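# Structure assessment
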Amino acid sequence: IQIRQFPMRLSSDGKTLEKVFDEYIDKGAVVIPEGVTLIRDISFYNCKELTQVTLPKGLTSIGYSAFSGCTKLTQITLPEGLTSIVDLAFRGCTKLTQITLPEGLASIGKSAFRDCTNLTQITFPKGLTSIGEGVFAGCSNLKEIIINTVSDDELARIKALLPSEHRDKVIKNPVYSEVLEFQNG
């Protein structure tokens, strides 16, 4: 049994977002209800009217090509607790300009942000363990990859996970460093 709540279809237990229907998106915004822990493969695929998504606390995974082709998507806040972003999850989201990946994120799949041509800045959490091939292929305007860490070893470890053509864009988050120094001092 599928529960259909326009503009989306949820699994019967309400924990999995199965599909979003583009024709029902109101003013480009979608709020995914609390309790959803998984966004399935291609659930928002080619939702051309989607501009903004509010994701629930407790979301742990974003599936294959979940937001691929959402060419008007400008804003998405990824919640803490998210542990994986699967292959091609945001491919072709050409209006995204910046994104902050939450603490606790462990893996980013292949080509997850491929062809996000207006992406200029992305912030990575400390502790990230896996970054797939071609994660930023076609991101021609990417200027900064900010790492939330005060550790030079952690910075070097995450930098080594990135494709070589993007390693020169990595910087340590100065605000994060100052906050930690203030808390410790």
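Residues numbered from 1 in each chain as written. Predicted model: local features only at pLDDT ≥ 70, side-chain atom pairs only at ≥ 80, totals over all residues. Heavy atoms only, no water.

### Looking at the pairing of strand β12 (residues 121-124)
Of the pairings in the sheet, the one linking strand β10 (residues 98-100) to β12 comprises three bridges and is parallel in character. Following the sheet pairing, Ile99 is matched in β12 by Ile122. As defined by bridge partners, β12 adjoins strand β14 (residues 144-147) across four bridges and the pair is classed as parallel. Along β14, the bridge assignment pairs Phe124 with Ile147. (Pairing = 2+ DSSP bridges. Helix = DSSP H or I, 4+ residues; strand = E, 2+ residues; numbered from the N terminus.)

### Here's the deal with the confidence of the model for the protein chain
With 87% of its residues at a pLDDT of at least 70, the protein chain reaches an overall mean of 86. Per-element averaging of pLDDT across the protein chain places strand β1 (residues 3-5) at the bottom with 40 and strand β7 (residues 61-62) at the top with 98. Of the regions scoring below 50 in pLDDT, residues 1-6 engages in 16 contacts with residues more than four places distant in sequence or in other chains. Segment residues 177-185: pLDDT under 50, and four contacts once partners within four positions in sequence are set aside and those in other chains are kept. (pLDDT = per-residue confidence, 0-100. Contact = heavy atoms within 4.5 Å.)

### Some remarks on the sheet that holds β12
The sheet built from four strands is open, its strands ordered β10-β12-β14-β15 with parallel pairing. Every interior strand has two partners, whereas the edge strands, β10 and β15 (170-172), have only one. Taking the axes of each pair of neighbouring strands and ignoring which way they run, one obtains an average angle of 20° across the sheet. Along the sheet face, helix α1 (residues 152-161) touches β12, β14 and β15 and points at about 160° away from the line of β15. (Axes fitted to C-alpha atoms, helices over the stretch in contact; angles between N-to-C directions.)

### Examining the environment of Arg91
Checked against the element boundaries, Arg91 lands in the loop between β9 (84-85) and β10. In this structure the C-alpha to C-alpha distance between Arg91 and Arg114, which are 23 residues apart in sequence, comes to 4.7 Å.

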